[in-house]
Amino acid sequence: MIVCVAVVGHQNNPLYIQSFTKADDSLKLHHIVHCSLDVVDERVNNPKKSGLIINETFLGLLNPTENYKVYGYLTNTKVKFILVTTDLEVRDADARVFFGRFHTAYVNAVSNPFHIPGKKITSRKFAERVSTIVKSFGLSSSS
Amino acid sequence: MEGEVSESCVESLLAEIVLVVGHQFSERYTMDRPRFTDNLEAIKFICKDFWSELFKKQIDNLKTNHRGTFVLQDNRFRWLAHMSIDPSVQASGNIQDPSAMAENKSTQATGMHLYFPCGIIRRALSNLGIACAVSADISNLPACSFVIRIKA
């Protein structure tokens, strides 16, 4: 089950953070997202050490902490997407599909003329689309 | 009635629009591509994909000095293809040298039309992580050259 998705901008400024748990641990999730940004930077700057293909957008599993798994995705415009999930059997392919849809939703949200680049995404439609993508992620991995 | 619009005025008005539009274009057109490994890849992206999305054709000629300067030449720049520079038309009474003055004005006006494309290219490149300055050269319309200087 996905507990949190986040969009982080070029200068590590948060553009969108949404948690999907009923419990009140959003602060802990923010902290996890923040820590994973360091891992993203490390992966990008040292591709040989981490065995990553240098121009891949999907960064894969970043760090399995406690009972969470964190996946990362870096776009060409240096925007990072972070996915935090409690599912222990998430496949890479599912995460890729998720990020593909998420990227599309993000581009559509940014194309809104009322959106200011660098500021937080406040579009309600984006939030709805993200919830739909999150729900379908859970279904596809369980089937 | 001819309105006088100064260049700096045009530049500041367009600056905000260019910021937003360049950002949106770069996000949308880099969406399905793998990440760029170096500056040349990003410039090639501008020459091919970006240009064909915006102007329905690719850049005709790309030159570089391998030290951070790129010259992109478009032999028929779509947005200026129908612009005419005719010095003899715009002469007015008391000016000493009417044809030169008018030619200056129309060249200036054409130059102002280039702020938008230059700005979009600059903004798209800076979104990809490349700080640069973009200028345009319209010495022979409809061919247009864009010079990109990457700031080291």
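For the structure given in this document, a descriptive report is provided here. (Residues numbered from 1 in each chain as written. Chains lettered and ligands numbered in written order. Predicted model: local features only at pLDDT ≥ 70, side-chain atom pairs only at ≥ 80, totals over all residues. Heavy atoms only, no water.)

## Describing the overall build of chain A
Part 1: Helix and strand content of chain A: 4 helices and 5 strands.
Part 2: The linear arrangement of helices and strands in chain A, starting from the amino end, is β-β-α-α-β-β-β-α-α.
Part 3: The buried share among the 143 residues of chain A stands at 45%.
Part 4: Residue pairs in contact within chain A that sit at least 24 positions apart in sequence constitute 53% of those at least 6 positions apart.
Part 5: For chain A, the computed accessible surface area is about 7,700 Å², with 55% contributed by carbon and sulfur atoms. (Helix = DSSP H or I, 4+ residues; strand = E, 2+ residues; numbered from the N terminus. Buried < 20%, exposed > 50% of the residue type's maximum accessible area, 1.4 Å probe, protein only. Contact = heavy atoms within 4.5 Å. Areas by Shrake-Rupley, 256 points an atom, 1.4 Å probe, with all protein chains shown as cover.)

## Considering the overall build of chain B
Part 1: Regarding its fold elements, chain B presents 4 helices and 4 strands.
Part 2: The helix and strand sequence of chain B, counted from the amino end, reads α-α-β-β-α-α-β-β.
Part 3: Taken over 152 residues, chain B has a buried fraction of 36%.
Part 4: Accessible area of chain B: about 8,800 Å², with a carbon and sulfur share of 49%.

## Remarks on helix α2 (residues 39-55) of chain B
Since there are 3.6 residues in each turn of an α-helix, residues three or four apart along the chain are aligned in direction.
All names here are of chain B.
Part 1: Where α2 bends most, the angle comes to about 35 degrees, and this point is I46.
Part 2: By the burial criterion, the buried members of α2 are A42, I43, F45, I46, C47, F50, W51, L54 and F55.
Part 3: Residues of α2 that are buried sit in contact with α1 (7-29), β1 (61-64), β2 (69-74), α4 (115-127) and β4 (144-150).
Part 4: Backbone geometry just after α2 places K56 at a positive phi near 60 degrees. (Bend = angle between axes of the 7 residues up to and from the residue.)

## Concerning the packing of α2(B) against α4(B)
All names here are of chain B.
Part 1: Where α2 contacts α4, the axes come no closer than 12 Å and their chain directions differ by 130 degrees. It follows from the interaxial angle that α2 and α4 lie oblique. As α2 runs across α4, the sense of the crossing is right-handed. Residues A42, I43, I46, F50, W51, L54 and F55 of α2 form the contact with α4, whose own contacting residues are P117, I120, I121, A124 and L125. (Axes fitted to C-alpha atoms, helices over the stretch in contact; angles between N-to-C directions. Parallel < 35°, antiparallel > 145°, perpendicular 65-115°, else oblique. Left-handed = near helix turned anticlockwise from the far one by under 90°.)

## Things to note about the sheet that holds strand β3 (residues 58-61) of chain A
Residue and element names in this part refer to chain A.
Part 1: With antiparallel pairing, 5 strands are arranged side by side in an open sheet as β2-β1-β5-β4-β3. In this open sheet, the two strands that pair with only one neighbour each are β2 (14-19) and β3. Strand-to-strand, the axes of this sheet are offset by a mean angle of 10 degrees, without reference to chain direction.
Part 2: Sheet topology note: the β3/strand β4 (residues 69-74) ladder contains 3 bridges and is antiparallel. Directly across from G60, in β4, lies its bridge partner G72. (Pairing = 2+ DSSP bridges.)

## Here's the deal with the interface of chain A and chain B
How large an interface is tends to be reported as the accessible area lost when its parts come together.
Part 1: Chain A puts 24 residues into the contact, and the matching count from chain B is 17 residues.
Part 2: Surface buried jointly by chain A and chain B totals about 1,800 Å² across both partners, of which 54% is contributed by carbon and sulfur atoms.
Part 3: For the pair chain A and chain B, the number of links is 0 salt bridges.
Part 4: Along the contact surface separating chain A from chain B lie 8 residue pairs in polar contact (both at pLDDT 80 or more).
Part 5: If you tally residues by element for the side of chain A that touches chain B, the top one is helix α3 (residues 92-110) of chain A, at 6 residues.
Part 6: Each residue belonging to the side of chain A that touches chain B can be placed in one class, and the counts come to 11 nonpolar, 11 polar and 2 charged. (Buried area = accessible area lost by both parts, 1.4 Å probe. Salt bridge = Lys/Arg side-chain N within 4 Å of Asp/Glu carboxyl O. Polar contact = N/O pair within 3.5 Å; in protein donor to acceptor, adjacent residues only side chain to side chain. Nonpolar A, V, L, I, M, F, W, Y, C, P; charged D, E, K, R; others polar.)

## Thoughts on the pattern of salt bridges
All names here are of chain B.
Part 1: Across all of its chains, the model carries 4 salt bridges over all chains by this definition.
Part 2: A salt bridge links D49 to R33, with the nearest nitrogen and oxygen atoms 2.7 Å apart. Note that D49 is positioned in helix α2 and R33 in the loop between α1 and α2, a separation of 16 residues in sequence.
Part 3: The partner of K57 in a salt bridge is D60, with the nearest N and O atoms 3.0 Å apart.
Part 4: Residue K57 is classed as partly exposed on the basis of its relative accessible area, which comes to 23%.
Part 5: Assessed through its relative accessible area of 40%, D60 is described here as partly exposed.

## Observations concerning the environment of F99(A)
Part 1: By the secondary structure assignment, F99(A) is in helix α3.
Part 2: The class for F99(A) is buried, based on a relative accessible area of 0%.

## A short note on the packing of aromatic side chains
Residue and element names in this part refer to chain B.
Part 1: Following the criterion strictly, the structure yields 22 aromatic pairs over all chains and no others.
Part 2: Both rings, one in W79 and one in F116, keep their centres 6.1 Å apart while their planes meet at 20 degrees; by these two values the pair is stacked. Note that W79 is positioned in the loop between β2 and α3 (98-113) and F116 in helix α4, a separation of 37 residues in sequence.
Part 3: A relative accessible area of 37% places W79 in the partly exposed class. (Phe/Tyr/Trp six-rings, centres within 6.5 Å; stacked < 30°, edge-to-face > 60°.)

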